[in-house]
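# Summary of the model geometry
Here is how the chains run, residue by residue.
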Amino acid sequence: MNTLSQALAAFALGRLDLPSDVYAKAQDHFLDTLGVAVASSGFPFAASVNVAAESLGKGSDATVIGSGRTLPANLAAMVNGTLAHGLDFDDTHIEGIYHASATAMATVLAVGEETGASGREVLEAFIVALEIGCRLALTAKGEFHDKHLHPTAICGPFAAAAAAARLYGLNETQLVDALGLCGSLAGGILQFEGAWLKRLHPGWAAHSGITAVALGRAGFTGPKTVFEGPHGYFMAHLGYLPDTERLIRRLNEEWVLTGLAIKPYPCCHFIHAFADAALELVAERGAPFTADEIIAIEAPLSERLHHLVWEPRTSKIEPQSEYDALFSTPYVIALALARGRVDLSGFFDGNLADPEVLGLSRKVTCTVDQLSDFPARFPGELRLTLRDGSRHVLRKPQSRGTPGLPLERAEILAKFRANVLRELSPDATERLQTLALSLCDLESIAPLLSATRSNVEDVAA
């Protein structure tokens, strides 16, 4: 009887029966994630991870987004994965609570460039990574978060290894060994403290997966029962074996990656439905709210999320860092009510001390949402009490961008352009979009990576 890793390896390396809608969705998520990575490339954390990666190794295998530097594939993937998640604007598998595309894109760009793969081969490897990572996260039923683990960090290495093995042309035995090694290379906790750690998780997952594949290809063996073993992945992280058959059930027939959601707002996905509700209330009255108008704002929140986006209350009410703000339910609600928008400027352009936003943030109290169906969906509800005696109550069972309320293609493209225009000229942005949208037609992804460089004169040359 095959082990779980043997079944995953056979899927990852075999022929894919891909419906057209899966291709289309993967292309949208690839484009979206690429745009976020370009936008991240001008931030201080990008400079830092670039310097660190260059100190760890020299090479010309793969290109770093934004800078155009070249590095060994595993280090380029580490940088690009960090950029892709750097603004918390990349996608999420809702039920799995997993940022799938950052690790997947970073891996396939690095290994695809190194191996000279075509755009179609890169996209198919990207799809393999998405599917395997999402299945791993789903199998845990949201409990990784309950154990203070970040699913992106601990599921991502397996996804990266599967994609890298496909592009490198490994056999099933070699990939099974690599997946076995990933069990000890996968790690990542939720203790962020406003630091940059979370940004690194997808990049390190990509680095780990590529490293595991190099070892497996060289004959370094790994345990075949890495997932279901008595000391394996699930026992170590959950303390029991969940329904592990869910991990491989109907592989190549049912595509769980379709549960991925593209973010319209650059903040924790748990808060998006609250932003939707606040923005709708602003639109209904035709003007933003002020702190003087509102007595109280009640925001019923899934109890399992209080420790992540409501506590500790002091740093959530008045964020002291970008990451405090990105993971603050009261701050995001206040931002939406006060400005009528939730965009990058509200978190990253030096506006965290806006007195009008903080005045509203102090009015927010998160209670327990008794109707929540988390993690199947991330609902949000607002109950505003105004000084004029009126009350405004609005509940959103799910947020925009999720499978039940998908973004229009025009919205996805607009988000991409807005992100890329932070670093590239309009002409360079248009060129990058054209290349990304024609990924499947590219004989090589080198032109795509070249087009991400912030020096547009060099790109044109």
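### Here's the deal with the sheet that holds strand β5 (residues 294-298)
Taken in spatial order, the 4 strands make up an open sheet running β6-β5-β7-β8, and their pairing is mixed. If you trace the sheet from one side to the other, it starts and ends with β6 (364-365) and β8 (391-396), each paired once. Taken together, the 4 bridges between β5 and strand β7 (residues 380-386) define a ladder with antiparallel strand orientation. When the bridges of β7 are listed, Ile294 appears paired with Leu386. Where helix α16 (residues 329-339) meets the sheet, it contacts β5, β6 and β7, and its direction lies at approximately 130 degrees from that of β5.

### Quick notes on the layout of surface pockets
In this model, the largest pocket occupies a volume close to 520 Å³. Contributing to the lining of the largest pocket are 28 residues, with Leu190, Phe192, Leu308, Lys316 and Phe327 lying nearest its centre. Of all the secondary-structure elements, those providing two or more residues to the lining of the largest pocket are α13 (306-309), α14 (313-317) and α15 (322-326). Taken together, the residues of the lining of the largest pocket sort by class into 10 nonpolar, 11 polar and 7 charged.

### Looking at the confidence of the model for the chain
Confidence along the chain averages 96 in pLDDT terms, with 98% of residues attaining 70 or more. Within the model, the stretch residues 456-461 combines pLDDT values under 50 with 8 contacts to residues more than four positions away or in other chains.

### Notes on unusual backbone geometry
Glycine aside, negative phi is the norm for most residues, and most peptide bonds take the trans geometry. With an omega dihedral of -5 degrees, the bond running from Glu311 to Pro312 counts as a cis peptide bond. Tracing the chain through its elements places Pro312 in the loop between α13 and α14. Residue Pro375 is reached from Phe374 by a cis peptide bond, and omega for that bond is 10 degrees. Here Pro375 lies in the loop between β6 and β7. For Arg250, which is not glycine, the phi dihedral falls at a positive 55 degrees. Looking at the element boundaries, Arg250 is found in the loop between α11 (233-238) and β4 (260-261). The exposure class of Arg250 is partly exposed, given its relative accessible area of 47%. One non-glycine residue with positive phi stands out, namely Asn252, at about 70 degrees. Looking at the secondary structure, you find Asn252 in the loop between α11 and β4.

### Structural notes on the packing of helix α6 (residues 119-139) against helix α8 (residues 151-168)
Close contact between α6 and α8 brings their axes to 8 Å; oriented N to C, the two are set at 155 degrees. The angle between α6 and α8 falls in the class roughly antiparallel. The element α6 and its partner α8 pack so that their crossing is right-handed. Here α6 contributes Glu121, Val122, Glu124, Ala125, Val128, Ala129, Ile132, Gly133, Leu136 and Ala137 to the contact with α8, which in turn contributes Cys155, Phe158, Ala159, Ala162, Ala163, Arg166 and Leu167. Its residues placed into classes, the contact of α6 with α8 shows 13 nonpolar, 1 polar and 3 charged.

### A short note on the packing of aromatic side chains
The tally for this structure, following the rule as stated, stands at 19 aromatic pairs. Pairing Phe43 with Phe348 gives two aromatic rings, centres 5.4 Å apart and planes at 75 degrees, and the pair type is edge-to-face. Residue Phe43 is found in the loop between α2 (20-40) and α3 (44-56), and its partner Phe348 is found in helix α17 (residues 345-348); the two are separated by 305 residues along the sequence. Using a relative accessible area of 10% as the deciding quantity, one classes Phe43 as buried. For Phe348, a relative accessible area of 8% gives the class buried. By the ring-pair criterion, three or more aromatic residues cluster together here, those being Phe43, Phe45, Trp196, Tyr331, Phe347 and Phe348.

### Focus on the nonpolar core
Membership of the largest hydrophobic core comes to 172 residues, with the highest contact counts inside it found for Phe227, Leu337, Phe347, Leu382 and Leu448. When residues in this core are grouped by element, the largest group, 13 residues, is from α6. Setting aside residues no more than four positions away along its own chain, Leu337 makes contact with Ala278, Val282, Pro288, Phe289, Ile294, Ile297, Leu360 and Leu384.

### Here we look at the pattern of salt bridges
Scanning all chains against the criterion turns up 25 salt bridges. Among the salt bridges present, the one from Arg383 reaches Glu298, with a minimum N-O distance of 3.0 Å. Pair noted here: Arg383 is in strand β7 and Glu298 is in strand β5, with a separation of 85 residues, a long-range link. Residue classification places Glu298 among the partly exposed positions, given a relative accessible area of 26%. Where Glu318 meets Arg362, a salt bridge forms, and the shortest distance between an N and an O atom there is 2.9 Å. Taken as a pair, Glu318 in the loop between α14 and α15 and Arg362 in the loop between α18 (355-361) and β6 lie far apart in primary sequence, 44 residues in all. Judged by relative accessible area, which is 31%, Glu318 ranks as partly exposed. Counted as one network, the salt bridges with shared partners bring together Glu298, Asp369, Glu381, Arg383 and Arg395.

How each quantity is defined
- Residues numbered from 1 in each chain as written.
- Predicted model: local features only at pLDDT ≥ 70, side-chain atom pairs only at ≥ 80, totals over all residues.
- Heavy atoms only, no water.
- Pairing = 2+ DSSP bridges.
- Helix = DSSP H or I, 4+ residues; strand = E, 2+ residues; numbered from the N terminus.
- Contact = heavy atoms within 4.5 Å.
- Axes fitted to C-alpha atoms, helices over the stretch in contact; angles between N-to-C directions.
- 1 Å grid on protein atoms, 1.4 Å probe; cavity = no way out; pocket = protein on both sides within 12 Å on 5 of 7 lines; lining within 4 Å.
- Points joined across faces, edges and corners; volume = space filled by probe spheres on them.
- Nonpolar A, V, L, I, M, F, W, Y, C, P; charged D, E, K, R; others polar.
- pLDDT = per-residue confidence, 0-100.
- Buried < 20%, exposed > 50% of the residue type's maximum accessible area, 1.4 Å probe, protein only.
- Parallel < 35°, antiparallel > 145°, perpendicular 65-115°, else oblique.
- Left-handed = near helix turned anticlockwise from the far one by under 90°.
- Phe/Tyr/Trp six-rings, centres within 6.5 Å; stacked < 30°, edge-to-face > 60°.
- Core = buried A, V, L, I, M, F, W, Y, C linked by side-chain atoms within 4.5 Å.
- Salt bridge = Lys/Arg side-chain N within 4 Å of Asp/Glu carboxyl O.

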